[in-house]
Amino acid sequence: MTRIFTVDDSSTIRTIITKQMTDLGFEVEQAEHGIEGLAKLEEIEVDLILLDVTMPNMDGPTMLAKLRERGNKTPVIMLTSESKRAIVSGAVKLGIEDYILKPFKPDELRTKVLKALKMGDARAGADMPVASNPDLASVAAPAQPGGGATAPGNRQFFDVLVVDDMENVHKKLRSLLPAHVSMNACVSAREALQLCQERIYRIVLIDMVIPDVNSVALMNQLRAIQPHAVMVALALRSASEGAGVLKGQGFHDSLCKPFEAEALDTFLSKHFDSNDVMSIDANVMQCSGFEGKDDRLDRYFTRLRTLCREALEKLASACYEDSILDLSAVPMRNSDKVVRYVIDTEKEARKLGIILILVGSADAKRIMGTIMETASLPFFATVTEARNVAA
């Protein structure tokens, strides 16, 4: 029988993985940290290791390095939060099959496990995502604007390719994309074909109106070269082709011009599973710092609310009874917005039967203590303290 080994300090995560793997007919072994994991691998053989990045005593990357030093080549899938995603780049050099961002969806875990075990065709069937990206090198180096990670065969991986004859479109999109999303741009079909021969892309955006170019035909040519890329149509909001028509022509998705920040946030969340203003690790929702002018604070908090709502739903599905909201990096210069954000998040948590626990600075604690709706919420100086009490 196929045996899966899950190494994670979260008993909840281990329980979730054990149930899902058992449902697939696999045997499951568990360990709480790297030291225990290495000890067990001295006694048993496994077919796949699901390895958490952040653990006490010995973390995932250290365990992986020691495992490879022993000559153990067992396939590994790493589990990590968005904030620790860059750590995966070092693990790629040691040889891992894939990585999964936490909190993960059951279908995503199932798909990646079956793929790592070379059972995708036999076991996954129609549930396999049409446009999943199997290329680990998309995270093999921190993605900078115009930069990418080196792939086998000297081909580089980039997140986005934009094909549009208007260079201002390139500039505008670049200004709206997070810094960690790498992007190339070109103005002609010839250049797009050349770039796709030389590099590998996660997403290809193609303008529907390029002089002397049939955009649908170009999309099909690029798809033949980039079979794993998500093909996205760029269309004017007033264009006659709706999303349904564009999908019927073979595009996976569409994005309207001129770009709207909220629509682009939704697009990025959908295709990158990337939380640019929040990272999630088990039941901890850690808000990232705000960078930009004050007139963009509303967008920042709107995005936080959306991500919190999605995260809380996942935590409820995973049977968490409490969630820690880390406000340490949230700017307090506009306290009314912070308070409103916390109140809204607490309401969402209460609806789902989850107790909200706050972490933040002394200033944040003082502000929350003056508001009736937030004064009674548990508040701690560090995530470690909050976790100890919640446990």
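For clarity, every value in this text was computed on a predicted model and none was experimentally measured.

**Concerning the packing of helix α1 (residues 11-23) against helix α5 (residues 106-116)**
Packed helices, taken two at a time, are described by their axes: the angle between them and the distance between them.
Here's step 1: Where α1 meets α5, the closest approach of the two axes is 11 Å, and the angle between their N-to-C directions is 60 degrees. With respect to α5, the axis of α1 lies oblique. Our pair here, α1 against α5, has a crossing hand that is right-handed. Together, Ile-17, Gln-20 and Met-21 of α1 and Pro-106, Leu-109 and Val-113 of α5 make up the contact between the two elements.

**Side note on the sheet that holds strand β3 (residues 48-52)**
Here's step 1: On the basis of which strands lie adjacent, the open sheet formed by five strands has the order β2-β1-β3-β4-β5 and parallel pairing. The two strands at the open ends of the sheet, each matched to only one other strand, are β2 (27-31) and β5 (98-101). Ignoring which end each strand starts from, the neighbouring axes of this sheet average 20 degrees apart.
Here's step 2: Here strand β1 (residues 3-7) runs beside β3; their pairing, made up of four bridges, is parallel. Pairing of Val-7 across the sheet is with Leu-51, part of β3.
Here's step 3: The sheet contacts of helix α2 (residues 34-41) involve β1, β2 and β3, and relative to β2 the element is tilted by about 135 degrees.

**Structural notes on the nonpolar core**
Here's step 1: Residues Val-113, Met-278, Leu-325, Leu-327 and Tyr-341 are the most contacted members of the largest nonpolar core, which totals 56 residues.
Here's step 2: Looking at which element gives the most residues to this core, the answer is helix α12 (residues 297-317), with nine residues.
Here's step 3: In this structure, Ala-192, Leu-218, Ala-235 and Leu-246 belong to the second largest nonpolar core, which totals 22 residues.

Conventions and cut-offs
Residues numbered from 1 in each chain as written. Predicted model: local features only at pLDDT ≥ 70, side-chain atom pairs only at ≥ 80, totals over all residues. Heavy atoms only, no water. Axes fitted to C-alpha atoms, helices over the stretch in contact; angles between N-to-C directions. Helix = DSSP H or I, 4+ residues; strand = E, 2+ residues; numbered from the N terminus. Parallel < 35°, antiparallel > 145°, perpendicular 65-115°, else oblique. Left-handed = near helix turned anticlockwise from the far one by under 90°. Contact = heavy atoms within 4.5 Å. Pairing = 2+ DSSP bridges. Core = buried A, V, L, I, M, F, W, Y, C linked by side-chain atoms within 4.5 Å. Buried < 20%, exposed > 50% of the residue type's maximum accessible area, 1.4 Å probe, protein only.

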